[in-house]
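# Structural overview for review
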Amino acid sequence: MNRTGTYVAFDGLGETNPAKSDFRYYATLQAWTANKNIDFRFVNSHDKTYAVRDTSSKATLYARIRQRLSASKNMFVIISKDTRYTGSVLSYEIEQALDVYKLPLIIAYPDYSGIWNVDALSDMWPKALADRINRPGVEALHIAFAKAPILDAINRFTVNGEHLTNGKNYYTRETYVDWGLVQK
């Protein structure tokens, strides 16, 4: 299968109302992509297969996740202050992305304008990420949830693109200044 998509993952927090979960950040990505006045385009792996309904079995959901991950060049993970340590599908998605499909992770934090101390964010990580972040071969980049770092990361760090040195990479403060996201 052609690995051209970006798999977007987040904790739905067990909510049926998307506005009350981290789905709202995924919806932001979709809105940016749909807006012709915003330069934001990416291939969404979720658009490459049939949708999964809330009433689908866990086996169907997990099969669809694996199918989407196999078509992905990287995984974009949204981590918020509400992300659960255990008990969400996000943990399964991270396990599969790293252990089976060897995808680089781009980990975005909506509550930050820049990321310079990855270890300070470790209390927000789901267990699946915390258990794997220091393993040899794991590639991850931690970024603020903003258009410039997201586009740069998903286009650069892929299974066939630039590689990251470990699980705790981040952009420099100067890069965030250049993007206009933080002040000098």
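Computed from a predicted structure; not experimentally measured.

Definitions and cut-offs
- Residues numbered from 1 in each chain as written.
- Predicted model: local features only at pLDDT ≥ 70, side-chain atom pairs only at ≥ 80, totals over all residues.
- Heavy atoms only, no water.
- Helix = DSSP H or I, 4+ residues; strand = E, 2+ residues; numbered from the N terminus.
- Buried < 20%, exposed > 50% of the residue type's maximum accessible area, 1.4 Å probe, protein only.
- Contact = heavy atoms within 4.5 Å.
- Phe/Tyr/Trp six-rings, centres within 6.5 Å; stacked < 30°, edge-to-face > 60°.
- Lys NZ or Arg CZ within 6 Å of the ring centre and 35° of its normal.
- Pairing = 2+ DSSP bridges.
- Right-handed = clockwise from strand over helix to strand, strands pointing away.
- Axes fitted to C-alpha atoms, helices over the stretch in contact; angles between N-to-C directions.

## Focus on the environment of Gly-12
Among the structural elements, Gly-12 can be located in the loop between β1 (5-9) and α1 (23-34). Taking relative accessible area as the criterion, Gly-12 reaches 26% and is therefore assigned partly exposed. Separated by 164 residues in the primary sequence, Gly-12 and Tyr-176 have C-alpha atoms spaced 28 Å apart.

## Structural notes on helix α5 (residues 147-156)
When α5 is considered as a whole, its buried residues turn out to be Pro-149, Ile-150, Leu-151, Ala-153 and Ile-154. Contact partners of the buried residues in α5: β1, α1, β2 (72-78), β3 (105-109), β4 (140-144) and α6 (173-178).

## So, the packing of aromatic side chains
Tallied over the full model, the rule gives 12 aromatic pairs. When the ring of Phe-23 is compared with that of Tyr-26, the centres are 5.6 Å apart and the planes differ by 65°; the resulting orientation is edge-to-face. Note that Phe-23 and Tyr-26 are positioned in helix α1 at a spacing of 3 residues, about one turn of the helix. The class of Tyr-26 is buried, set by a relative accessible area of 7%. Every member of this aromatic cluster is reached through a ring pair, and the members are Tyr-25, Trp-32, Phe-76 and Phe-145. The ring centre of Trp-32 lies 5.6 Å from the NZ or CZ of Lys-147, which sits over that ring. In this structure, Arg-173 packs its charged tip against the face of Trp-116, placed 5.1 Å from the ring centre.

## Section: the pairing of β4
For β4, a buried count of 5 out of 5 residues is recorded, marking the element as mostly surrounded by other parts of the structure. Alternating positions in β4 separate into two faces, Ala-140, His-142 and Ala-144 on one and Leu-141 and Ile-143 on the other, with burial throughout. Summarising the sheet, β3 and β4 pair through 5 bridges and their orientation is parallel. Among the inter-strand pairings, Ala-108 is bridged to a residue of β4, identified as Ile-143. As a crossover connection, the stretch from β3 through helix α4 (residues 127-132) into β4 is right-handed. Across 2 bridges, the pairing between β4 and strand β5 (residues 169-170) is parallel. Bridging across to β5, His-142 finds its partner in Tyr-170. Crossover connection from β4 via α5 to parallel β5: handedness left-handed.

## Let's talk about the sheet that holds β2
Taken in spatial order, the 5 strands line up as β1-β2-β3-β4-β5 in an open sheet, and their pairing is parallel. The sheet is open, and its two edges are formed by β1 and β5, each paired on a single side. Sheet analysis places β1 next to β2, joined by 5 bridges and oriented parallel. The residue of β2 that forms the bridge with Thr-6 is Asn-74. Along the sheet face, helix α2 (residues 58-70) touches β1 and β2 and points at about 120° away from the line of β2.

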